[in-house]
Structure formats: C-alpha cells, structure tokens
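What the coordinates show
Single-letter residue listing:
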Amino acid sequence: MNVIVPPSMDKQRVLSGVQPTGNLHLGNYLGAIRNWVEVQDQYENYFCVVDLHAITAPHNPSTLAEDTYTIAALYLACGIDLNHSTIFVQSHISAHSELAWLLNCLTPINWLHDMIQFKEKAIKQGENVSMGLLDYPVLMAADILLYQADKVPVGEDQKQHLELTRDIVDRFNHQFGGGQAILKRPNPMIRHEGARVMSLTDGTKKMSKSDPSELSRINLLDSPDEIQKKIKKCKTDPYRGLAFGVVDRPECHNLLTLYMVLSGQSREKVAAEGEDMGWGQFKPLLTDTIIEALRPIQSMYTQVRSEPTYLESVLTHGRERAEVLANKTLERVKEALGFSRPR
Ligand code: AMP
Ligand code: TRP
C-alpha cells in the first residue's frame, strides 16, 4: 500500500475530522466519511482524528490511543485514498492547541454560549461541564483554519460551528489583517441525503455515539448478527406501505432513506418498491443491504489493523505533511498578532 501523496498546488483544499469516541456509526459514515471519499480526487484533502476534541467530555485514558487508531484505520477502510488525502492525528500537531488559544482571545464568549451542541451536551453532562466543552468550536475553527481549507464536509449538525468559524475569520482579518485575508473563510459541504441519520429507537433523534442504547445505532464494525438484531428491534409504526416524508412517520422516512442510500437506488425506485410493502418484508431487505454495504469496509479494516506498522507509517507521513502547512499558518497568525520571534 502506498503512503506517499504527491503535492498538488492547484486544487481547493478540504479538511474534516471525526472524534475518537467509541465506534463510528452509519450517521458518521453517511453524513461525513462517505462524502469525503466520493469527492476526494477533486481536492487536496486533510482528514484528522480529532482526539483533543474527545477529551471535552469525560474520557477513558486507557482507550483513547486505541480508539484513535481505530478511527484512522476506518478512514482507510472506508476508502480514503492516500494519493489524494493526508490522514493525521490532531494532538500530534501542537499548532492546533496553540492556534485555538490565540483564537480564544478574540472570540466573544457569548458566541460560544449560543452553540446548540454546547447547550445539548452541557445538559447531558450536568455539573461536570468543562471549559473545553465550551471551547470546542474554537478548537474546531483552529483545525480548519490552520490548513486554510476551502471546504469542510460535515453532517448537518456541524453547520453552526462552521458559521462560527467564518465569523472568527472575519473578526481576525478585520482586526489584525491590515487589509489582508490572513485566514481563509471555509465553506461547509453538506450533502442532503444522509446528512442527518436518525436513531433506530427514535426517528426524531439523531443517531449518536453518546446514546446509551446500542440498539439506537448501527456501528460500521457491527457483525451481521448484530445488524440483524438491531433492525429486527428497531422502532417502526403500525402502518402498511412505506413512504418518504410522511408527517408522523419519522422512522419510516429514516429507514427508507438508509435503504435508498446504501443500496444506491434512486428515490423514485425505492418509493415505488416500498409503496405496497409491510415492515415484515422490508426489514430483511434493509438488513441485507446494510450487511452488504458494510462488508467491504469491515474486510479492509481487518486488513489495515493486521499491519500496525503500516498504520503507524500513514500517521507519521500524515503528520509530517500536515505540520508544514499548520506551522506556516500559525506563524502568520502570530506575526499578525504582534508576537516577538524567539532568537
Ligand atoms: P462526531 O461523531 O460528533 O465526531 O461526528 C463526526 C462527523 O459525523 C461529523 O461530520 C458529523 O456531522 C457527522 N455525524 C454525526 N452524527 C451524524 C448523524 N446522525 N447523521 C449524519 N451525520 C452525522
Ligand atoms: N466537531 C466535529 C464533530 O463532532 C468534529 C471536528 C473537529 C471537525 N474538528 C473538525 C469536523 C474540523 C470538521 C472540521 O463532528
């Protein structure tokens, strides 16, 4: 397998990341990684495992490193191609933490209090809310801005964080740019289908790693038996005939969308197929479709994990490449802010 990425000067740059908290699920795949893979040959891509974000909620130090490798291996297993993309670990490049600090000092605190994800997570964490959780979007802005990314492919839930990133850019350039755009304004890249995969146990809630019920999500590494069990038990409704977009049938819309996206069929075809179907007929079909869609990812994952030195070398090369860009931006930002240089 090849680990050298040829430099490309003329392509727009893409950056995205996923936290190494638990296993990746179908929401992460359809909302984010699959979209990275589909357009990677059109861009110069940077994909990081955002382990510094993973400690904004209570975490387990004995599994953090292993979870980080799992996510990096899943990137490769899902089809991230090193001829177009660089894979690295956020905490391996200290510029992420350093730029986050610099941006902290020009980000109004009330912008952060307004973040929906902060409010939701803060409620869940109760007494235990850290400064890090509030600061999460500023660290995310640092991730994106260090690489002067043009596009950021994410799920719908991250849109507000990207708006904040753009506001930080405008404020920084206005206050410290001296007429120059030192930081680049990134654009979100959000696909309509799969942008919001819902929980299997409640079609009004997002599929999430933090849901206490394993039955609420399909993980990319779930065995065929687990997938079958989860689809068998997933929430449905008492109606016959399956259709998209019917009010009061959120589960039906979600499951039909999963079937459509994972089987690669058009909406019209799936709508016609579902019209006369009952749940008893649809569930086995969906189960098989999910198992088949995940099979190649799982087999590639096993192969990548069986060669630990390969994964290490991917991450070392990734760090080396990413660090050059990150340090360049960090230097420009420090210069604009008026810092002295060490002699
Ligand atoms: P996280 O699991 O929070 O690290 O999210 C990683 C990526 O997956 C982000 O781009 C999210 O927007 C995306 N994502 C997470 N959950 C979902 C979901 N239920 N549906 C669609 N995209 C999602
Ligand atoms: N906040 C993102 C999420 O939870 C993860 C993330 C961190 C990210 N830094 C990023 C995504 C930079 C895109 C770009 O999904």
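See the structure printed just above.
These notes cover the structure that comes with them. (Residues numbered from 1 in each chain as written. Chains lettered and ligands numbered in written order. Predicted model: local features only at pLDDT ≥ 70, side-chain atom pairs only at ≥ 80, totals over all residues. Heavy atoms only, no water.)

Let's shift gears to the pattern of salt bridges. Summed over all chains, the structure comprises 17 salt bridges. Residue Glu38 is joined to Arg34 by a salt bridge in which the shortest nitrogen-to-oxygen separation is 3.9 Å. Of this pair, Glu38 and Arg34 both sit in helix H1 (residues 26-39), four residues apart, which is roughly one turn of that helix. Connected through salt bridges with shared partners, the residues Glu214, Arg217, Asp222 and Lys230 form a single ionic network. (Salt bridge = Lys/Arg side-chain N within 4 Å of Asp/Glu carboxyl O. Helix = DSSP H or I, 4+ residues; strand = E, 2+ residues; numbered from the N terminus.)

A separate point is empty space enclosed by the protein. Over the atoms rolls a probe the size of a water molecule, and in doing so it shows where empty space is left. A full pass over the atoms with the stated rule returns two cavities of 30 Å³ or more. One number sums up the size of the second largest cavity: a volume of about 30 Å³. Around the second largest cavity, the lining residues are Ser199, Leu200, Gly203, Cys234, Lys235, Glu251, Asn254 and Leu255. Within the lining of the second largest cavity, the residues separate by chemical class into three nonpolar, three polar and two charged. (1 Å grid on protein atoms, 1.4 Å probe; cavity = no way out; pocket = protein on both sides within 12 Å on 5 of 7 lines; lining within 4 Å. Points joined across faces, edges and corners; volume = space filled by probe spheres on them. Nonpolar A, V, L, I, M, F, W, Y, C, P; charged D, E, K, R; others polar.)

Below, the discussion takes up the state of the cysteines. Inspection of the entire model under this criterion finds zero disulfides. Free cysteine Cys252: the closest other cysteine sulfur is in Cys234, separated by 11 Å. (Disulfide = S-S within 2.5 Å.)

Looking now at the nonpolar core. One finds Leu26, Ile33, Tyr75, Ile87, Phe282 and Ile290 to be the most contacted residues of the largest nonpolar core, which totals 58 residues. A per-element tally of this core places helix H12 (residues 279-305) first, with nine residues. Grouped together as the second largest cluster of nonpolar side chains are 42 residues, Met140, Ile144, Val154 and Val333 included. (Core = buried A, V, L, I, M, F, W, Y, C linked by side-chain atoms within 4.5 Å. Buried < 20%, exposed > 50% of the residue type's maximum accessible area, 1.4 Å probe, protein only.)

Here we take up the packing of aromatic side chains. With the rule as written, the count across this model stands at seven aromatic pairs. Aromatic pair Trp36 and Phe47: ring centres 4.3 Å apart, planes at 5°, arrangement stacked. With a gap of 11 residues between them, Trp36 in helix H1 and Phe47 in strand S2 (residues 44-49) connect regions that are remote in the sequence. Across the pair, Phe47 and Trp36 agree in class, each one buried. Summarising the aromatic geometry, the rings of Phe172 and Phe176 are spaced 5.6 Å apart at their centres and angled 45° between planes, so their arrangement reads as tilted. Here the residue Phe172 and the residue Phe176 both occupy positions in helix H8 (residues 159-176), the gap between them amounting to four residues, near one helical turn. For Phe172, a relative accessible area of 0% puts it in the buried group. It is Arg267 that lies over the ring of Phe244; its NZ or CZ is 4.4 Å from the centre. (Phe/Tyr/Trp six-rings, centres within 6.5 Å; stacked < 30°, edge-to-face > 60°. Lys NZ or Arg CZ within 6 Å of the ring centre and 35° of its normal.)

With that settled, consider the side chain of Glu251. With respect to the element layout, Glu251 can be found in helix H10 (residues 250-263). The class for Glu251 is buried, based on a relative accessible area of 7%. In terms of polar contacts, Glu251 uses its side chain to reach the backbone amide nitrogen of Gly203, at 2.7 Å. Discounting chain neighbours no more than four positions away, the residues touching Glu251 are Asp202, Gly203, Lys235 and Thr236. (Polar contact = N/O pair within 3.5 Å; in protein donor to acceptor, adjacent residues only side chain to side chain. Contact = heavy atoms within 4.5 Å.)

So, to be careful, I would describe these as geometric facts and stop short of saying anything about function.
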